[in-house]
Amino acid sequence: LTLATKKDQQEKKDDDVADKLAKLKSSGQGMVVCRICKGPHWTKQCPYKDTLGVAFDVQQEDTNLIKTSHRAPGAYVPPSIRKGEPQDNQSRQREENPTIRVSNLAEETSDSDLIDLFKPFGPVLRVYLAKDKNTGISKGFCLHYL
């Protein structure tokens with residue numbers, strides 16, 4: 001039976017940590033490596049980041065292009081990077097036009113009925129009549145885009 005004090009346990013932990021750090025230093029793995037100049041410091045502290053930073057950014061863009069160009073056929077490609085699609089997000093913006101929701105409509109209501117109803121009050125940009133997918137019967141409400 002051996003008794004260990006907290007001080008002994010702490011010294012043992014400190015020795016273990018020191019041994020692990022020594023192993024890391026000797027193996028060369030786990031050391032901090034700058035992404036710009038490959039030096040033993042953080043990229044944020046690199047003395048060459050102003051001069052080599054531009055070349056590093058260009059190199060990163062080249063590697064990103066290579067990664068995106070070698071996709072497996074049939075792999076999912078997000079809409080933002082598909083070829084032939086506009087690169088700006090204007091195509092996916094929400095409509096900012098004012099909208100009026102009209103509720104409690106009869107099941108027999110049609111799009112043309114609603115357009116005729118709204119024409120006396122101003123131009124009708126669009127009318128969306130909510131319908132059941134299977135039956136095609138009106139769900140009882142519509143959206144009128146002004």
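Everything discussed here concerns the structure shown above.
Numbering of residues starts from 1 in every chain and runs along the sequence as written. Whole-chain, interface and lining totals are the exception, using all residues; otherwise, since this is a predicted model, local features are given only for residues with pLDDT of at least 70 and side-chain atom pairs are given and counted only at 80 or more. Excluded from the side-chain calculations are hydrogens and water; all other atoms, namely the structure's heavy atoms, are used.

### What to know about the overall build of the protein chain
Then, in step 1: Regarding its fold elements, the protein chain presents three helices and three strands.
Then, in step 2: Sequence-ordered secondary structure for the protein chain, helices as α and strands as β, is α-α-β-α-β-β.
Then, in step 3: The buried label goes to any residue with under 20% of its type's maximum accessible area, the exposed label to any with over 50%, and the partly exposed label to all in between, with areas taken from a 1.4 Å probe on protein chains only. In the protein chain, buried positions account for 14% of the 146 residues.
Then, in step 4: Note on contacts: a residue pair is in contact if any heavy atoms of the two residues lie within 4.5 Å. Long-range contacts, defined here as pairs at least 24 residues apart, represent 33% of the contacts in the protein chain between residues at least 6 apart.
Then, in step 5: All accessible-area figures derive from a Shrake-Rupley calculation using a 1.4 Å probe, and residue coverage is judged against the displayed protein chains alone. Total accessible area on the protein chain is roughly 12,800 Å²; 54% of this is exposed by carbon and sulfur atoms. For helices the rule is a DSSP run of H or I covering at least 4 residues; for strands it is a run of E covering at least 2, with both sets numbered from the N terminus onward.

### Notes on the sheet that holds strand β3 (residues 138–145)
The strands that make up a sheet are held in pairs by hydrogen bonds between backbone atoms, and each pair lies either parallel or antiparallel.
Then, in step 1: Strand pairing is assigned whenever DSSP identifies at least 2 bridges connecting the two strands. As summarised here, the arrangement of the three strands in space is β1-β3-β2, forming an open sheet in which the pairing is antiparallel. Among the strands making up the open sheet, the edge pair consists of β1 (99–103) and β2 (126–131). When the angles between neighbouring strand axes are averaged without regard to direction, this sheet yields 20 degrees.
Then, in step 2: Sheet strands in contact with helix α3 (residues 111–118) are β1, β2 and β3, and its direction is about 140 degrees off that of β2. To obtain each axis, a line is fitted to C-alpha atoms, and for helices this fit is confined to the stretch in contact; angles are then taken between N-to-C directions over 0 to 180 degrees.

### A few points about the pairing of β3
Along any regular strand, the residues point their side chains to alternate faces of the sheet.
Then, in step 1: Of the pairings in the sheet, the one linking β1 to β3 comprises five bridges and is antiparallel in character. Looking at the pairing, T99 lines up with Y145 of β3.
Then, in step 2: With five bridges joining them, β2 and β3 adopt antiparallel strand pairing. Bridge pairing in β3 links R126 to Y145.
Then, in step 3: Hairpin connection between β2 and β3: a loop of six residues separates the two successive antiparallel strands, and G136 in this loop has a positive phi of roughly 80 degrees.

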